[in-house]
Amino acid sequence: MQNVLSVIQASTLYFQKNGVESPRLNIEHLLAHVLGKKRMELYLEFDRPLGDAELEPLRALVRRRAGGEPLQHLLGTAEFHGRIFTCDKRALIPRPETEQFCEIVLARGPAARVLDVGTGSGVIALTLAAAWPEARVEAVDVSADALALARENAARLGLTERVLFAQSDLLESVTGEFDLIVANLPYIATAEIAQLAREVRHDPLPALDGGPRGLEIFERFIPQAARHLRGRFALEIGHDQTAALTELLGAHNFQDILPQTDYQGRNRFLFANYG
Ligand SMILES: C[S@@+](CC[C@H](N)C(=O)[O-])C[C@H]1O[C@@H](n2cnc3c(N)ncnc32)[C@H](O)[C@@H]1O
């Protein structure tokens, strides 16, 4: 008879052989999901026997994970900045770098009128809205699928009244002025996408593809943002885009342009002021 510990050990090896990063963490998450438990609760139940009713659904998930499906898609959720968001193929899986981006934005203090461009699952807009009860937050995306997911996440977090989601190609359909515009838009050069990890290829292509040089979306976005911004600008960017984007922001009269590094020491965020 298999038990919790033997299944964790065998699946960890299987994941290792199939190139899954953090293999033990992955099987713990999947097993906890199947058993309806918190991951840490497994540690109190290593001897618990597991029967077919539990093992069959687990085996299906383990096979899919070993085949490269992202853990968050199998769980149907992702944790972001201490909150649980619904997560599926309609939008990018939120990344730890974006949590760090939110932390830096939050540390700079609240803003009254906030716009999140390319909101995806809504993680940035909803995190800022939850932290800043006085803020009026708007969020746009070109993808109707992503917006449907973002609205589900707003409902899940009780923030439906606080965040206005709308479909827009960048700021084409946006009116009014904002004190803070934030964006994590696609910045990967088209030719690099085929080389990304197999899990990343489960993200929607329009969430990744930044055009032939990876800069084309910023080149449209930055002059548009200048027309709507009276305050702070915050971008998540590719690690090799700081020089090009600093020049672009300068050319459009943004001031106080400041790159910031992620936990790995790479320049992944760019802040500026306008107006
Ligand atoms: C890198 S994903 C980021 C999603 C989310 N902000 C996050 O941090 O997890 C980029 C998002 O920008 C959206 N997007 C791409 N091109 C766009 C455009 N021209 N106008 C508005 N949104 C766009 C994509 O649909 C996708 O949801």
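Please read all numbers here as calculations on a predicted model, not as lab measurements.

The rules behind the values
- Residues numbered from 1 in each chain as written.
- Predicted model: local features only at pLDDT ≥ 70, side-chain atom pairs only at ≥ 80, totals over all residues.
- Heavy atoms only, no water.
- Pairing = 2+ DSSP bridges.
- Helix = DSSP H or I, 4+ residues; strand = E, 2+ residues; numbered from the N terminus.
- Axes fitted to C-alpha atoms, helices over the stretch in contact; angles between N-to-C directions.
- Contact = heavy atoms within 4.5 Å.
- Phe/Tyr/Trp six-rings, centres within 6.5 Å; stacked < 30°, edge-to-face > 60°.
- Buried < 20%, exposed > 50% of the residue type's maximum accessible area, 1.4 Å probe, protein only.
- Domains from an automatic or database assignment.
- Near = heavy atom within 4 Å.
- Polar contact = N/O pair within 3.5 Å; in protein donor to acceptor, adjacent residues only side chain to side chain.
- Areas by Shrake-Rupley, 256 points an atom, 1.4 Å probe, with all protein chains shown as cover.
- Nonpolar A, V, L, I, M, F, W, Y, C, P; charged D, E, K, R; others polar.
- Salt bridge = Lys/Arg side-chain N within 4 Å of Asp/Glu carboxyl O.
- Parallel < 35°, antiparallel > 145°, perpendicular 65-115°, else oblique.
- Left-handed = near helix turned anticlockwise from the far one by under 90°.

**Remarks on the sheet that holds strand β9 (residues 267-274)**
Strands sit in the order β5-β4-β3-β6-β7-β9-β8 across an open sheet of seven strands; the sheet is mixed. Looking at the sheet topology across the chains shown, the edges are occupied by β5 (163-167) and β8 (255-261). Across the sheet, the mean angle from the axis of one strand to that of its neighbour is 15 degrees, orientation sign disregarded. Pairing geometry for strand β3 (residues 113-117) and strand β6 (residues 178-183), over four bridges, is parallel. By the bridge assignment, Leu-115 is partnered in β6 with Ile-181. Packing against the sheet, helix α6 (residues 123-131) makes contact with β3, β4 (136-141), β5 and β6, and its axis sits at approximately 160 degrees to β5.

**Here's the deal with the packing of aromatic side chains**
One pass over the full model with this rule turns up eight aromatic pairs. Judged by centre distance (4.9 Å) and plane angle (40 degrees), the rings of Phe-233 and Phe-254 are tilted. Of this pair, Phe-233 sits in strand β7 (residues 229-236) while Phe-254 sits in the loop between α9 (242-251) and β8, and the two are 21 residues apart along the sequence. According to the relative accessible area criterion, Phe-254 is buried, its value standing at 5%. An aromatic cluster of three or more residues is present, and its members are Phe-221, Phe-233, Phe-254 and Tyr-274.

**Some points on the domain arrangement of the protein**
When its domains are assigned, the protein resolves into domain 1 (4-68) and domain 2 (89-274). Inter-centroid distance (C-alpha atoms) of domain 1 to domain 2 is 34 Å.

**What about the site of the ligand?**
Around the ligand lies a shell of 18 residues, among which Gly-118, Asp-141, Asp-169, Leu-170 and Asn-184 are the nearest. For the ligand, an oxygen atom lies 2.6 Å from a polar atom in the side chain of Asp-141. Separating an oxygen atom of the ligand from a side-chain N or O atom of Asn-184 is a distance of 2.8 Å. Here the ligand loses 95% of its free accessible area of 600 Å² to cover by the protein chains. When its residues are assigned to classes, the shell around the ligand shows nine nonpolar, seven polar and two charged.

**What about the pattern of salt bridges?**
According to the stated counting rule, one finds 20 salt bridges in the structure shown. For Glu-45, the salt bridge identified is with Lys-37, shortest N-O distance 3.1 Å. We classify Glu-45 as partly exposed; its relative accessible area is 21%. For Lys-37, a relative accessible area of 28% translates into the label partly exposed. Of the charged contacts in the structure, one is a salt bridge between Glu-97 and Arg-266, with a shortest N-O distance of 3.5 Å.

**Focus: the pairing of β9**
Extensive coverage of β9 is indicated by the burial of six of its eight residues. Looking at chain direction, β8 and β9 are connected through five bridges and run antiparallel. Considered in β9, the bridge of Gln-260 is made with Phe-269. In this structure, the hairpin formed by β8 and β9 is closed by a connection of five residues, where Gly-265 is found at a positive phi of approximately 80 degrees.

**Description of the packing of helix α1 (residues 4-17) against helix α3 (residues 52-66)**
Here α1 crosses α3 at 20 degrees, and the two axes come no closer than 10 Å. As far as their axial angle goes, α3 and α1 are roughly parallel. α3 is crossed by α1, and the crossing has right-handed handedness. Between α1 and α3, the residues in contact are Val-7, Ser-11, Tyr-14 and Phe-15 and Leu-55, Leu-58, Val-62, Arg-63, Arg-65 and Ala-66, respectively. Tallied by class, residues from the contact of α1 with α3 come to seven nonpolar, one polar and two charged.

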